[in-house]
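Letter by letter, the chains look like this.
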Amino acid sequence: MNSSNKIMAKLLAGMGAMLLCGGLTVAQAQTDNFPNQPITLLIPYPPGGSADMLARPVAAQMQKALGQPIVIEYKPGAGGSIATSQLARSKPDGYTVLMVLAAHAINPSMYASLPYNTEQDFAPVSLLATLPMLVTAPHKTPANSISELIDYAKKNPGALTFASAGNGNTSHLAAELFKAATNTDMIHIPYKGSGPAVVALLGGEVSLMFDSISTSMPHVKGGKLKGLAVTGKNRSSVLPDVPTVSESGLPDFTVDGWYGIIAPAKTPDAIVQKLNKAFVDAANDPEIKKQLNSYGYEIAGSTPDEFKQHISSEIQKWKVAVEKSGAKIQ
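Nothing here was measured: the structure is a model prediction, and the numbers come from that model.

Help me understand the environment of H104, please; the structure alone is not making it clear to me.
Tracing the backbone shows H104 in helix 4 (residues 103-110). Between the C-alpha atoms of H104 and Q291, which are 187 residues apart in sequence, the distance is 25 Å. Ignoring sequence-local partners within four residues, the contact set of H104 consists of T84, T118, F122, I262 and I311.

Which parts of the structure should I look at to understand the packing of helix 4 against helix 6 (residues 170-182)?
Packing of helix 4 against helix 6 brings their axes to within 10 Å, and their N-to-C directions diverge by 65°. Contacts from A103, I106 and M110 of helix 4 reach helix 6 at T170, H172 and L173. By residue class, the composition of the contact of helix 4 with helix 6 is 4 nonpolar, 2 polar and no charged.

In this structure, what is going on with the side chain of N276? I would like to understand it.
With respect to the helices, strands and loops of the structure, N276 is situated in helix 9 (residues 269-283). In contact with N276, not counting residues within four places along its chain, are V125, S126, S302, T303 and P304.

Looking at this model, I keep getting lost on empty space enclosed by the protein. Mind explaining?
With a probe scaled to a water molecule rolled over the atoms, the places where space remains empty come into view. Summed over all chains, the structure comprises 2 cavities of 30 Å³ or more. Contributing to the lining of the largest cavity are 20 residues, with S50, L101, N169, S212 and Y259 lying nearest its centre. Those elements giving two or more residues to the lining of the largest cavity turn out to be helix 2 (50-66), helix 6, strand 7 (208-212) and strand 9 (256-264). The residue inventory of the lining of the largest cavity, partitioned by class, reads 9 nonpolar, 9 polar and 2 charged. In this structure, the second largest cavity spans a volume of roughly 60 Å³. Lining the second largest cavity, in full, are P44, Y45, G79, G80, T84, L98, M99, V100, L101, A103, H104 and N107. Contributing elements (two or more residues each) for the lining of the second largest cavity: strand 3 (96-101) and helix 4. Counting residues per element, the lining of the second largest cavity draws most heavily on strand 3, which supplies 4 residues. Of the residues assigned to the lining of the second largest cavity, the class counts are 7 nonpolar, 5 polar and no charged.

Looking at this structure, I do not really get the layout of surface pockets. What am I missing?
The computed volume of the largest pocket comes to approximately 350 Å³. As for the largest pocket, its lining consists of 15 residues, and the residues nearest its centre are L177, D252, F253, T254 and A321. Put simply, the parts of the chain that give the lining of the largest pocket at least two residues each are helix 6 and helix 11 (304-325). At 5 residues, helix 11 tops the list of elements feeding residues into the lining of the largest pocket.

Please clarify how the pairing of strand 7 should be interpreted in this entry.
Each regular strand shows side chains that alternate between the opposite faces of the sheet. Across the 5 residues that make up strand 7, a large majority, 5, are buried. In the sheet, strand 4 (residues 122-137) pairs with strand 7 via 4 bridges, with the strands oriented antiparallel. Residue pairing for strand 7: T136 is matched across the bridge by M209. Direction of pairing for strand 5 (residues 161-164) relative to strand 7: parallel, over a ladder of 2 bridges. Paired with F162 across the bridge in strand 7 is L208.

Before we go on, may I ask you to explain the nonpolar core in this structure?
One recurring pattern in soluble globular proteins is that nonpolar side chains are buried together. Within the largest apolar cluster, 51 residues are counted, with the highest numbers of intra-cluster contacts made by L41, V58, M99 and F279. Of all the elements, helix 9 adds the most residues to this core, at 7 residues. Setting aside residues up to four positions removed in sequence, M99 forms contacts with L41, L42, I43, P44, A51, L54, A55, L128, Y259, G260 and I261. Residues I106, A175, L208 and V322 belong to the second largest nonpolar core, which totals 47 residues.

Criteria and thresholds
Residues numbered from 1 in each chain as written. Predicted model: local features only at pLDDT ≥ 70, side-chain atom pairs only at ≥ 80, totals over all residues. Heavy atoms only, no water. Helix = DSSP H or I, 4+ residues; strand = E, 2+ residues; numbered from the N terminus. Contact = heavy atoms within 4.5 Å. Axes fitted to C-alpha atoms, helices over the stretch in contact; angles between N-to-C directions. Nonpolar A, V, L, I, M, F, W, Y, C, P; charged D, E, K, R; others polar. 1 Å grid on protein atoms, 1.4 Å probe; cavity = no way out; pocket = protein on both sides within 12 Å on 5 of 7 lines; lining within 4 Å. Points joined across faces, edges and corners; volume = space filled by probe spheres on them. Buried < 20%, exposed > 50% of the residue type's maximum accessible area, 1.4 Å probe, protein only. Pairing = 2+ DSSP bridges. Core = buried A, V, L, I, M, F, W, Y, C linked by side-chain atoms within 4.5 Å.

Here you go:
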C-alpha cells in the first residue's frame, strides 16, 4: 500500500470511529432522556374490563411521576393478539408498551398460528398484579352454588351458556376447564372484552361467566348478580362469603388471572429498567395499591427476568390445560 492509500485508510478508519461514537452518543442520549414524549399503553380489550380498571390508575400515577402523558389505546380482538401484533411491529424505543393478561400465554396453544413469537418478539417489563376469577350468574340462572350448577348442567346438556371476554381468553378457557373437570356441556358465547360480556350477563343474555373478580364483584355486592364461587386457592378478601370452587367439590380446580407489561424486542435494557421502575412504583403507591386491592387485585411487581420466567412457565401450564380441554381456534 502506497503512502497516499495508507493516509486514506487512516482517514476512513477515523471517520468510522467518529460515526460509531456519534451513534453511541445519540443512543445513550435517547436512553438518558427517556421519556421525553408521551408513552402509549396498548390495552388488548375494550374499556370497562379488568385490564382497564388496573391500567387507568397506574397510568395516571406514572404520568405524575414521569412528567409525560401515558396514552391508553384500546385494541380489542382475537384474544389480545391484534394489540400484541401491533406491539411486535412497533419501534423498540419504550414509547409503545402493552398490558398483557394470562391470554398472552394461552394464545400460543389456542391458535393454530400467530403473527408473532410470544417468547422472542417481546421484552418483558414487569408482572404487575394477579386477580382470581369469579363464577357469576344472573338471578334467573337455576343454580345458587357450584354443586347446583353442575347438577343442572348434567341434567340439561347444552341448556346453559357462558360468556367470555373473547375466544382464547382466560374467561373462556377457565370455563372449558370447568366443563372438562365436571363432564358437562355448556355453550360458549364470546364477546369482545369483559365489559361487553358483563353487560350481557346483567341483561340475562347468558347463564354464567368466569370473570375477573374486579369487574363482576360490584354487581354481586349490589345484588344484580349471583356470586357462585371464586377460582383462587383461597377466598377473596373483597367477597369473603363466597366459597372457592375447590371448596365446592372440585379440590384441584384453581385459576388465577394475571396482568403484566411488555415492550417490543430489542428495546434497550436501560429503558426496560426505567419502565419497570415506573410501573412497579406506580402500582405500589399507597393510594393506588389501596384502590386496586379494593377491586380484588394483588400487586405483584416483578423484575423483567422474573416476568420472563413467569410467561414461560405459564405457556407450558396453559398448553397442558388447552390440550385437556380440547379447545382450539383456527
